[in-house]
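Here is what each chain is made of, one letter per residue.
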Amino acid sequence: MTGAAASAMIALGALAGCVPSGSSTSSSSSSSVPTASSTPSSTPLPTPEPLIIPGCDTLLPLSEAKTLFSPSTVVLGADDAVPIRGDDLPEIDTAAGNASVAKHCIWGVPNSDGGFTVIVTDISEADATNLQDALLATGFTGASAGTVTTLEKEFETAVGVSAQTHYLVSDLWVYVSGTSTELTVNVADAVLDEVRAANPTRTY
């Protein structure tokens, strides 16, 4: 081989070895990027706070009781338990006996037959269903509006007209017994408003 040919071969070899360092087909920049989890984290529903039933003087202040019933109205009784009387429907006594928290309030005019009673308790779904069925079967009229199921009846007794109104709202039972459905509904509305105010985290 001549000297010129040898020089040309050396030059070609040098050119062949000059490969740019960035021309490689594999690159460290192709590393995988972490992806978000396909399962979103679930937020547990808040646990309702325990039911609070205000005292009788808050459920229905005496001034309001006087307005709804008589200027001579006084508080005749207030208790944290509902007595089992035996003269009501068995379902009423059962629901009252199974309550874990309750208020039993009585207002009236002293030395007269005039008065009204309020019962407020928690109630299980089964007791509420049984109570509603029993009341409807004995002539109570029923209606639902929003979250409130109302059952009411007015009837004659030995001492005159008597009336009952029951509100079933989720796990709450409001029961008012008085001298007319106008009275019992007005009292039940006022009582339910106070229970709602005392339990802002519960859907009443």
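Before reading further, recall that the structure is shown in the block above.
All values reported here derive from a predicted model rather than from experimental measurement.

**Q** How should the overall build of the protein be read in this particular structure?
**A** Looking only at helices and strands, one finds 6 helices and 7 strands in the protein. Scanning the protein from its N terminus toward the C terminus, one meets helices and strands in the order α-α-α-β-α-β-β-α-β-β-β-β-α. A burial count over the protein gives 32% of its 204 residues as buried. Here the analysis covers contacts within the protein between residues at least 6 apart in sequence; of these, 53% occur between residues at least 24 apart.

**Q** Help me understand the sheet that holds strand 2 (residues 102-108), please; the structure alone is not making it clear to me.
**A** Paired through their backbone hydrogen bonds, the strands of a sheet run either parallel or antiparallel. Taking strand neighbours across the sheet as the criterion, the 7 strands line up as 1-2-3-7-6-5-4 in an open arrangement whose pairing is antiparallel. The strands lining the two open edges of the sheet, one partner per strand, are strand 1 (74-79) and strand 4 (141-145). Strand-to-strand twist in this sheet, taken as the mean axis angle between neighbours without regard to direction, amounts to 15°. Packing against the sheet, helix 4 (residues 90-98) makes contact with strand 6 (160-169) and strand 7 (172-178), and its axis sits at approximately 130° to strand 7. Contacting strand 3 (115-122), strand 5 (148-157), strand 6 and strand 7, helix 6 (residues 181-198) crosses the sheet at an angle of about 30° to strand 6.

**Q** Please explain the pattern of salt bridges as it appears in this structure.
**A** Inspection of the entire model under this criterion finds 3 salt bridges. Residues D80 and K103 are paired through a salt bridge, measuring 3.1 Å at the closest nitrogen-oxygen approach. Separated by 23 residues along the polypeptide, D80 in the loop between strand 1 and helix 4 and K103 in strand 2 bring together distant segments of the chain. Residue D80 is classed as exposed on the basis of its relative accessible area, which comes to 54%. One salt bridge in this structure joins R202 and D171, with 2.5 Å as the shortest N-O distance.

**Q** I'm lost on the nonpolar core in this one. Help?
**A** The nonpolar side chains of a soluble globular protein tend to be buried, and buried together. Among the nonpolar cores identified, the biggest contains 25 residues, and V120 and L172 are the most heavily contacted of them. Listed by contribution, the elements that provide at least two residues to this core are helix 2 (56-59), strand 2, strand 3, strand 6, strand 7 and helix 6. Of the residues forming this core, the biggest block, 7 residues, is contributed by helix 6. Excluding anything up to four places from it in sequence, L172 contacts L51, V120, T121, I123, Y167, L192, V195 and Y204. By size, the runner-up hydrophobic cluster in this structure holds 15 residues, among which are A95, F140, L151 and L168.

**Q** How should helix 4 be read in this particular structure?
**A** The α-helix advances 3.6 residues per turn, and as a result positions three or four apart in sequence lie on the same side. Among the residues of helix 4, those classed as buried are I92, D93, A95 and A96. Projected down its long axis, helix 4 shows its buried positions confined to an angular sector of 165°, all on one face. Those residues of helix 4 that are exposed and angled more than 90 degrees off the buried face are P90, G97 and N98.

**Q** How do you make sense of the state of the cysteines when you look at a structure like this?
**A** Simply put, disulfide is the name for a covalent bond between the sulfur atoms of two cysteines. A complete count under the given rule lists 1 disulfide for this structure. Here C56 engages in a disulfide with C105; their sulfurs sit 1.9 Å apart. Residues C56 and C105 are joined through a disulfide that is left-handed, its torsion about the S-S bond being -85°. With C56 in helix 2 and C105 in strand 2, this residue pair connects regions lying 49 residues apart in the sequence. Judged by its relative accessible area of 9%, C56 is buried.

**Q** What is the right way to read the environment of T149 from this model?
**A** Assignment of secondary structure puts T149 in strand 5. Sequence-wise, T149 and W173 are 24 residues apart; in three dimensions their C-alpha atoms are separated by 9.8 Å. Apart from the residues lying within four places of it in its own chain, the contact partners of T149 are Q132, A143, S144, H166, Y167 and L168. At 3.2 Å, the side chain of T149 forms a polar contact with the side chain of S144.

**Q** Would you mind going over the side chain of K103 with me for this structure?
**A** Residue classification places K103 among the buried positions, given a relative accessible area of 14%. A distance of 3.5 Å separates the side chain of K103 from the backbone oxygen of I53, its partner in a polar contact. If near-sequence neighbours (up to four positions away) are discounted, K103 is found in contact with I53, P54, G55, L59, D79, D80, V118, I119 and V120.

Reading guide: rules and limits
- Residues numbered from 1 in each chain as written.
- Predicted model: local features only at pLDDT ≥ 70, side-chain atom pairs only at ≥ 80, totals over all residues.
- Heavy atoms only, no water.
- Helix = DSSP H or I, 4+ residues; strand = E, 2+ residues; numbered from the N terminus.
- Buried < 20%, exposed > 50% of the residue type's maximum accessible area, 1.4 Å probe, protein only.
- Contact = heavy atoms within 4.5 Å.
- Pairing = 2+ DSSP bridges.
- Axes fitted to C-alpha atoms, helices over the stretch in contact; angles between N-to-C directions.
- Salt bridge = Lys/Arg side-chain N within 4 Å of Asp/Glu carboxyl O.
- Core = buried A, V, L, I, M, F, W, Y, C linked by side-chain atoms within 4.5 Å.
- Arc of directions from axis to C-beta.
- Disulfide = S-S within 2.5 Å.
- Polar contact = N/O pair within 3.5 Å; in protein donor to acceptor, adjacent residues only side chain to side chain.

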